[in-house]
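# Chains, contacts and geometry: an overview
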Amino acid sequence: KEIVHFGEMVGDILNDLIILSTDAKKDLLRNLGKKSESVASLGNRITDYLSNMFSSGVLTEDQAHRASGLMFIVSEFERFEVLCGEIAGSFRDKEEHRYDYSQEALENIQHSLNLIAQMYGSALETMTTGDFEKASEMLNLKDEILELDVILRRGHMKRVAEGKCDKSLNKPFGKILL
């Protein structure tokens, strides 16, 4: 139950990133930092709990197998939260350095974050319901996201060549696309 809650908290952070992609409000950036700390704390507590179960030696083979699967899921949620934190840091840099992304670039970022949120939601639903049809939808979204990354990078370079974007934004824009 706590692992699902943990996953939902990470999903909330992703939804905040989508909002930030259109309007980087300082209070939302601060709240995102607090949410990130809460998620990291809960992830550590869940990992400690599962580790203690393993080290106690009281788990059956089946229970140990399920617990290791849960540890993998927690690890993936933690990895996703770290990536969200890096994107939030890029948005923070955007505000602090007053990077002026074009409207097209911001729309592209928002579109990619929406796809990632949709994929993440499908993964969470698959985990909680066991509906593996959602898993195949998730794989299709993954392919679309990978294609979109290339399209976004090319689009940025085209905007730079056309003078719609400043070439000094290559690195900050690329960090958001990670």
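Analysis parameters
- Residues numbered from 1 in each chain as written.
- Predicted model: local features only at pLDDT ≥ 70, side-chain atom pairs only at ≥ 80, totals over all residues.
- Heavy atoms only, no water.
- Patch = residues over 30% accessible without salt bridge, like charges linked within 9 Å, V, L, I, M, F, W, Y side chains within 5 Å.
- Areas by Shrake-Rupley, 256 points an atom, 1.4 Å probe, with all protein chains shown as cover.
- Salt bridge = Lys/Arg side-chain N within 4 Å of Asp/Glu carboxyl O.
- Lys, Arg positive; Asp, Glu negative; His and termini not counted.
- Charge placed at Lys NZ, Arg CZ, Asp CG, Glu CD.
- Helix = DSSP H or I, 4+ residues; strand = E, 2+ residues; numbered from the N terminus.
- Buried < 20%, exposed > 50% of the residue type's maximum accessible area, 1.4 Å probe, protein only.
- Contact = heavy atoms within 4.5 Å.
- Expected span 1.5 Å × (residues − 1).
- Axes fitted to C-alpha atoms, helices over the stretch in contact; angles between N-to-C directions.
- Parallel < 35°, antiparallel > 145°, perpendicular 65-115°, else oblique.
- Left-handed = near helix turned anticlockwise from the far one by under 90°.
- Nonpolar A, V, L, I, M, F, W, Y, C, P; charged D, E, K, R; others polar.
- Phe/Tyr/Trp six-rings, centres within 6.5 Å; stacked < 30°, edge-to-face > 60°.

Together, Lys26, Arg30, Lys34 and Arg98 make up a positively charged patch on the protein surface. Looking at the secondary structure, you find Arg98 in the loop between α3 (61–96) and α4 (103–129). Given a relative accessible area of 72%, Arg98 falls into the exposed group.

Tracing the backbone through its elements, the reader meets Met119 in helix α4. Taking the relative accessible area as the measure of exposure, Met119 reaches 23% and is therefore partly exposed. Each C-alpha atom of the pair Met119 and Arg154 lies 23 Å from the other, and the pair is 35 residues apart in sequence. Once you skip the residues sitting within four places of it in the chain, Met119 turns out to touch Met138, Leu141, Lys142 and Ile145.

Here we come to the side chain of Asp16. Secondary-structure assignment places Asp16 in helix α1 (residues 2–20). Sequence-distant contacts of Asp16, defined by excluding residues within four places in its chain, comprise Leu28, Leu32 and Lys35.

Between its terminal C-alpha atoms α3 stretches 52 Å, which fits the 52 Å expected from 36 residues at 1.5 Å a residue. If you check which residues of α3 are buried, you get Ala67, Val74, Phe77, Glu81, Cys84, Ile87, Ala88, Gly89, Ser90, Phe91 and Lys94. Positive phi appears at Arg98, one or two residues downstream of α3, with a value of about 55 degrees.

The next point concerns the pattern of salt bridges. Under the criterion given, the structure shown has five salt bridges. Across the pair Arg79 and Glu76 runs a salt bridge whose closest N-O atoms are separated by 2.8 Å. Of this pair, Arg79 and Glu76 both sit in helix α3, three residues apart, which is roughly one turn of that helix. The closest approach of N and O atoms between Glu104 and Arg159, which form a salt bridge, is 3.5 Å. With Glu104 in helix α4 and Arg159 in helix α5 (residues 133–161), this pair connects stretches of sequence that are 55 residues apart. The class of Arg159 is buried, set by a relative accessible area of 2%.

Packing of α1 against helix α2 (residues 26–56) leaves a shortest axis separation of 10 Å and a crossing angle of 160 degrees. Relative to α2, α1 is oriented roughly antiparallel. Classified by chirality, the crossing of α2 by α1 is left-handed. Between α1, through Glu2, Ile3, His5, Phe6, Met9, Val10, Asp12, Ile13, Asp16, Leu17, Ile19 and Leu20, and α2, the contact on the second element is made entirely by Leu28, Leu29, Leu32, Lys35, Ser36, Ser38, Val39, Leu42, Gly43 and Ile46. Classifying every residue of the contact of α1 with α2 by side-chain character gives 14 nonpolar, four polar and four charged.

Attention shifts here to the packing of aromatic side chains. Scanning all chains against the criterion turns up three aromatic pairs. Taken together, a centroid distance of 5.9 Å and an interplanar angle of 50 degrees make the contact between Phe77 and Tyr120 tilted. Here Phe77, found in helix α3, pairs with Tyr120, found in helix α4; they are 43 residues apart in sequence, far enough to count as distant. The class for Tyr120 is buried, based on a relative accessible area of 9%. Taken together through their ring pairs, the aromatic side chains of Phe6, Phe77, Phe80 and Tyr120 make up a single cluster.

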